[in-house]
Amino acid sequence: MTGSPKPLIAGNWKMHGSEVFAADLAGSLADRMAGHGGGGVEMLLCPPALLLGSVRAAVGASGVAIGGQDCHVAEQGAHTGDIAAAMLADAGCGYVIVGHSERRADHGEDDALVQSKAEAAQAAKLVPVVCIGETLDQRDAGTAVEVVISQLRGSVPEGSSASTLVVAYEPVWAIGTGRTPTPADIAEIHDAIRDVLTAITTQGDGVRILYGGSVKPINAAEILTIENVNGALVGGASLKADDFWAIAQSA
Ligand code: 13P
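In what follows, the accompanying structure is described. (Residues numbered from 1 in each chain as written. Predicted model: local features only at pLDDT ≥ 70, side-chain atom pairs only at ≥ 80, totals over all residues. Heavy atoms only, no water.)

1. Details of the overall build of the chain
Moving on, step 1. Across its full length, the chain carries 10 helices and eight strands.
Moving on, step 2. A compact globule built from 251 residues would reach a C-alpha radius of gyration of about 18 Å, and the chain, at 17 Å, matches this within 12%.
Moving on, step 3. Principal-axis analysis of the C-alpha atoms gives the chain an extent of 45 × 45 × 35 Å.
Moving on, step 4. Here the chain, with 251 residues, has 52% of them falling under the buried criterion.
Moving on, step 5. Taking all contacts inside the chain whose residues are at least 6 apart in sequence as the whole, residues at least 24 apart take part in 73%.
Moving on, step 6. When the accessible surface of the chain is totalled, it reaches about 10,700 Å², and 52% of it is carbon and sulfur. (Helix = DSSP H or I, 4+ residues; strand = E, 2+ residues; numbered from the N terminus. Rg over C-alpha atoms; globule rule 2.2 N^0.38 Å. Buried < 20%, exposed > 50% of the residue type's maximum accessible area, 1.4 Å probe, protein only. Contact = heavy atoms within 4.5 Å. Areas by Shrake-Rupley, 256 points an atom, 1.4 Å probe, with all protein chains shown as cover.)

2. Some details on the pairing of strand β8 (residues 231-234)
Moving on, step 1. Where burial is concerned, the two faces of β8 agree: the one with Gly231 and Leu233 and the one with Ala232 and Val234 are both buried.
Moving on, step 2. As paired elements, strand β7 (residues 208-212) and β8 share two bridges and run parallel to each other. Looking at β8, one finds that Gly212 is bridged to Leu233.
Moving on, step 3. Taken together, β7, helix α9 (residues 217-224) and β8 constitute a β-α-β crossover, and its handedness is right-handed. (Pairing = 2+ DSSP bridges. Right-handed = clockwise from strand over helix to strand, strands pointing away.)

3. Section: the environment of Asp90
Moving on, step 1. Checked against the element boundaries, Asp90 lands in helix α3 (residues 85-90).
Moving on, step 2. Owing to a relative accessible area of 63%, Asp90 belongs among the exposed residues under this scheme.
Moving on, step 3. Between the alpha carbons of Asp90 and Gln203 there is a distance of 28 Å; along the sequence they are 113 residues apart.

4. Things to note about the packing of aromatic side chains
Moving on, step 1. Across all of its chains, the model carries two aromatic pairs by this definition.
Moving on, step 2. Measuring from centroid to centroid gives 5.6 Å for Trp13 and Phe21, while their planes differ by 80°, and the two rings are edge-to-face.
Moving on, step 3. Classification of Phe21 as partly exposed rests on a relative accessible area of 27%. (Phe/Tyr/Trp six-rings, centres within 6.5 Å; stacked < 30°, edge-to-face > 60°.)

5. Some thoughts on the side chain of Arg194
Moving on, step 1. Inspection of the secondary structure puts Arg194 in helix α8 (residues 183-200).
Moving on, step 2. With no salt bridge to any partner, buried Arg194 finds its closest opposite charge in Asp205, at an N-O distance of 6.4 Å.
Moving on, step 3. A polar contact of 2.7 Å, which involves the side chain of Arg194, links it to the side chain of Asn230. (Lys, Arg positive; Asp, Glu negative; His and termini not counted. Salt bridge = Lys/Arg side-chain N within 4 Å of Asp/Glu carboxyl O. Polar contact = N/O pair within 3.5 Å; in protein donor to acceptor, adjacent residues only side chain to side chain.)

6. Structural notes on the sheet that holds strand β4 (residues 95-98)
Moving on, step 1. In space, the eight strands of this closed barrel follow the order β1-β2-β3-β4-β5-β6-β7-β8, with parallel pairing throughout. Strand-to-strand, the axes of this sheet are offset by a mean angle of 25°, without reference to chain direction.
Moving on, step 2. By the bridge criterion, two bridges tie strand β3 (residues 65-68) to β4 in an arrangement that is parallel. Considered in β4, the bridge of Gly68 is made with Val96.
Moving on, step 3. Seen against the sheet, helix α2 (residues 52-59) touches β2 (42-46) and β3 and runs at an angle of roughly 170° to β3.
Moving on, step 4. Lying over the sheet, helix α7 (residues 144-155) contacts β5 (127-132) and β6 (166-169), oriented at roughly 150° with respect to β5. (Axes fitted to C-alpha atoms, helices over the stretch in contact; angles between N-to-C directions.)

7. Re the pattern of salt bridges
Moving on, step 1. One pass over the structure, following the stated rule, counts 10 salt bridges.
Moving on, step 2. Among the ionic pairs, Lys14 bridges to Glu102, the shortest N-O distance being 2.8 Å. Of this pair, Lys14 sits in the loop between β1 (8-12) and α1 (19-36) while Glu102 sits in helix α4 (residues 101-106); the two residues are 88 residues apart in sequence, bridging distant segments of the chain.
Moving on, step 3. Residue Arg103 is joined to Asp70 by a salt bridge in which the shortest nitrogen-to-oxygen separation is 3.4 Å. Taken together, the residues Arg103 in helix α4 and Asp70 in the loop between β3 and α3 connect sequence positions 33 residues apart.
Moving on, step 4. Bridged by salt links that share partners, the residues Asp70, Arg103, Glu109 and Lys117 form one connected network.

8. Thoughts on the nonpolar core
When a protein is soluble and globular, its nonpolar side chains tend to lie buried together.
Moving on, step 1. Formed by 64 residues in total, the largest nonpolar core has its most connected members in Leu45, Leu152, Val167 and Ile193.
Moving on, step 2. Ranked by the residues each element gives to this core, the list is headed by α8, at seven residues.
Moving on, step 3. The next biggest cluster of nonpolar side chains, apart from the first, holds 14 residues, and it includes Ala65, Val127, Cys131 and Ala168. (Core = buried A, V, L, I, M, F, W, Y, C linked by side-chain atoms within 4.5 Å.)

Below is the structure:
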């Protein structure tokens, strides 16, 4: 390693929140980040797209980054209900989550589409947070590493580098369930992801690999000290300022 990359603690609000909620939560986190001098951590908030404006206003110049939860592959066009990566950039985003397992399941998104979305994000100067992860059946069948690596190879754009890509390993069975893999299981997957990133990206040892799935204040320190875990993608616990801040403090 050329030195560990700065940890990224990202909150995926999913379909939660309101204008008032967004201003309160983002404002509280921004105040803490500003008071803390940023520390050694980068914080990212990914609210529903409609709340990006409120979150952007609330985080101000605190250094807290904002991101989208999905983008379309096209630059613009007749795609009712969709959002282009350039629109997210215009709204102040620096990142966009692509290929979350909920989008893969709810909207039938496959690796090829996720890769195209990540390419569209990079073209708009956003950093895609590319999500991959196995189901419980796949883990029980002993194919978790194989599945995750296949998703990784299929979803990461060619020519990606440490500054243009983040990968998030989120086992589907750990999302919203309170269950997490053992540290050894997380390490096995993250090491395998690192090996592939080193081969297929530029400065692959600097690409941040986040763990996601039931990250809470109580388990964050243990998870975040595993080698090749460079941050967390947090769902439920990112909706409470105290919990999300505690997780960031663990990094
Ligand atoms: P939870 O932290 O609620 O398990 O959600 C994880 C997740 O899906 C983040 O993208």
